[in-house]
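Architecture and fold: a report
Listed here are the chains, written in short residue letters.
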Amino acid sequence: MKEKAEYCLGCINEPCSKACPLENDIPNFIKCIKENRLEDAYHVLTQNTVLSSICGRICPHDKQCQGSCTRRFKGDPVSIGELEAYIGDLSIRKNWTIPIKERINKKVAVIGSGPSSLTCANFLYRNGIDVTIYEKYDKLGGILNHSIPDFRLDKDIVEETINKIIKGINIKYNMELGKNFSLEDIIDEYDYIYLGIGSNISNDLNIPGEDLNGVIGGNELLEKKLDINFEDKTIIVNGGGNVAMDVARYIKRKNPHKVIVVYRRSENEMPAEKKEIADAKNENIEFLFKTNILSINGDNKVEEISAIHTELVEKENERPYPVNVEGTNFNVKCDYVIKAIGSSFDKNIINKLNIETKNRLIVVDEKQKTSNDKVYAGGDLTNQKRTIAWAARSGRNAAEAIIEKINEVS
């Protein structure tokens, strides 16, 4: 690790930190590793994050910190993710801790326990605020435990990281918003509430045949670990993001006949990480690029898709837009179609909160405050940049805003 750290130039303008959603002080934490001040490296990181062991492993580093590393212009970038994960793991083994301020008799409820909620809860607690997390399952972690497959993120690492984050924090398990309690039930009990329940309802394809048996939401498949027999079956996965890659690789481990990813743009436009695409290809998952599904056909159950090839039309300041190419229609026999073209929140829950929403997102200001002055929100509920680091950043922003509000009143 020290050798990898020595490779860092320690750039004064810190392009890597600027490209990090959490704005981690990357040159400084790596400098600490160079000088063998490993606990100091941990404290540098914890100024901005509590998820080093996780972000160090699954962040899209090539699109963020490492993608802006000065070294990459004449070779490989610094292994920032690997170094961050190393310090995060070491902090768990060494039981390094963050200074905790005295309690100030203020209470915040954090609803959900994904990356944004865990970050928000920890930053609040370390600043003297009592925190209670409401979690709908009997295990914390949100997407980290319930949606990202084990082969991509070791669940022992997740559990150890979470246990470190939640020390001193109250947890209420099996408490689902809209089912076991409502916002009205708890809003008078707390000074503020943070909503971080995620956005895990798969978007509809809005094509004929979507209601056939065998059409499944990718997010639901991963989160609920649906017990479906994919053996010897042909599965179409519609989408080009990380969820599509996770779903395709998850199903590939169920001994299917074939897994085919259908994406309407080219490979270069895929939002999934390049490593995830490469891993999928290495596992013999097939890809149909520049292909649009027109309908799903079958008698009660999925039997085939009707598709058409597309061409990309350039638009100023926008992604190339796919347009169907007339006369290129074709069909593909299949047994299941998995929807993985994005997700949104559960409208049945959010609509009951009387909070402003727009374009499938909760509306928040620059400090993550919703239209209700006592309620803040973050993560996938409020942000289309759906990565772990961006979710964590919104949770930290909310915590800092709540702390600022509390200090104003005090």
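Refer to the structure above for everything that follows.
Worth saying up front: this structure is predicted, and the values here are computed from it rather than measured.

Moving on, we come to the environment of E231. Within the secondary structure, E231 is located in the loop between α11 (218-224) and β7 (234-238). For E231, a relative accessible area of 41% corresponds to the partly exposed category. Distance from E231 to I251, taken between C-alpha atoms, is 9.1 Å for residues 20 residues apart in sequence. If sequence neighbours within four positions are ignored, E231 has contacts with K254, N255 and P256.

Below, the discussion takes up helix α7 (residues 115-126). Over its twelve residues, α7 runs 17 Å from end to end, which matches the ideal 16 Å to within 8%, given 1.5 Å per residue. Among the twelve residues in α7, twelve count as buried, and that is most of the element. Of all the positions in α7, only P115, S116, S117, L118, T119, C120, A121, N122, F123, L124, Y125 and R126 are classed as buried. Residues of α7 that are buried in the fold lie against β1 (107-111), β2 (130-134), α8 (143-146), α9 (155-165), β4 (192-195) and α15 (388-409).

Taking every second residue as pointing to the same face, both faces of strand β14 (residues 336-339) are buried, with Y336 and I338 on one and V337 and K339 on the other. Both strand β6 (residues 215-217) and β14 contribute to a ladder of three bridges, which runs parallel. What sits directly across from I216, in β14, is I338. Where β7 lies against β14, four bridges are found, and the strand directions are parallel. Looking at the pairing, N238 lines up with K339 of β14.

Moving on to the side chain of T161. Mapped onto the fold, T161 is located in helix α9. Apart from residues no more than four positions distant in its own chain, T161 is found in contact with V50, L51, S53, I54 and I92.

Summed over the entire model, instances satisfying the criterion amount to six aromatic pairs. Arranged with centres 5.8 Å apart and planes meeting at 40 degrees, the rings of Y42 and W96 form a pair that is tilted. Note that Y42 is positioned in helix α4 (residues 38-45) and W96 in the loop between α6 (80-94) and β1, a separation of 54 residues in sequence. As far as the burial class goes, Y42 and W96 line up, both buried. Seen from their ring centres, F230 and Y336 are 5.1 Å apart, and the 70 degrees between their planes marks the pair as edge-to-face. Pair noted here: F230 is in the loop between α11 and β7 and Y336 is in strand β14, with a separation of 106 residues, a long-range link. By relative accessible area, which is 17% here, Y336 ends up buried.

Let us now look at a nonpolar patch on the surface. Together, V313, Y321 and V323 make up a nonpolar patch on the protein surface, roughly 220 Å² of accessible area in all. Here Y321 lies in strand β12 (residues 321-324).

Counting 62 residues, the largest nonpolar core has F29, I30, L124 and I133 as the members making the most contacts within it. The leading source of residues in this core is α15, at nine residues. Leave out the neighbours within four places in its chain, and F29 touches A41, V44, L45, I80, L83, E84 and I87. Counting 24 residues, the second-largest nonpolar core is a separate cluster that includes Y250, Y263, A280 and A340.

Below, the discussion takes up the packing of helix α12 (residues 242-252) against helix α13 (residues 274-282). Look at α12 against α13: their axes get within 10 Å of each other, and the N-to-C directions meet at 25 degrees. Considering the angle they form, α12 stands roughly parallel to α13. For the pair α12 and α13, the crossing hand works out as left-handed. Of the residues in α13, those touching α12 at N242, M245, D246 and R249 are E276, I277, D279 and A280. Its residues assigned to classes, the contact of α12 with α13 comprises three nonpolar, one polar and four charged.

Scanning all chains against the criterion turns up 26 salt bridges. Here D150 ties to K155 by a salt bridge, and the two come within 3.3 Å at their closest N and O atoms. In this structure D150 comes out as exposed when scored by relative accessible area, which is 52%. For K155, a relative accessible area of 15% gives the class buried. Where R249 meets E276, a salt bridge forms, and the shortest distance between an N and an O atom there is 3.0 Å. Highlighted residues: R249 in helix α12 and E276 in helix α13, separated in sequence by 27 residues. Its relative accessible area of 6% is what places R249 among the buried residues. Through salt bridges with shared partners, a single network forms among R152, D246, R249, R253, E273, K275, E276, D279 and E283.

This paragraph deals with the environment of N238. By secondary structure assignment, the location of N238 is in strand β7. For N238, a relative accessible area of 12% gives the class buried. Linking N238 and D373, residues 135 residues apart in sequence, is a C-alpha distance of 39 Å. Discounting residues that sit within four places of it in the chain, N238 has contacts with L205, V262, I293, I338, K339, A340 and I341.

Taken in spatial order, the five strands make up an open sheet running β3-β2-β1-β4-β18, and their pairing is parallel. Edge positions in the open sheet fall to β3 (170-172) and β18 (375-377), since each of these has one partner strand only. Taken pair by pair, the neighbouring strands of this sheet meet at an average axis angle of 20 degrees, ignoring direction. Both β1 and β4 contribute to a ladder of four bridges, which runs parallel. Each bridged residue has a counterpart across the sheet, and for A109 the counterpart in β4 is I193. The strands touched by α15 are β1, β4 and β18; relative to β4, the strand with the most contacts, the crossing angle is about 170 degrees.

About the criteria used
- Residues numbered from 1 in each chain as written.
- Predicted model: local features only at pLDDT ≥ 70, side-chain atom pairs only at ≥ 80, totals over all residues.
- Heavy atoms only, no water.
- Helix = DSSP H or I, 4+ residues; strand = E, 2+ residues; numbered from the N terminus.
- Buried < 20%, exposed > 50% of the residue type's maximum accessible area, 1.4 Å probe, protein only.
- Contact = heavy atoms within 4.5 Å.
- Expected span 1.5 Å × (residues − 1).
- Pairing = 2+ DSSP bridges.
- Phe/Tyr/Trp six-rings, centres within 6.5 Å; stacked < 30°, edge-to-face > 60°.
- Patch = residues over 30% accessible without salt bridge, like charges linked within 9 Å, V, L, I, M, F, W, Y side chains within 5 Å.
- Areas by Shrake-Rupley, 256 points an atom, 1.4 Å probe, with all protein chains shown as cover.
- Salt bridge = Lys/Arg side-chain N within 4 Å of Asp/Glu carboxyl O.
- Core = buried A, V, L, I, M, F, W, Y, C linked by side-chain atoms within 4.5 Å.
- Axes fitted to C-alpha atoms, helices over the stretch in contact; angles between N-to-C directions.
- Parallel < 35°, antiparallel > 145°, perpendicular 65-115°, else oblique.
- Left-handed = near helix turned anticlockwise from the far one by under 90°.
- Nonpolar A, V, L, I, M, F, W, Y, C, P; charged D, E, K, R; others polar.

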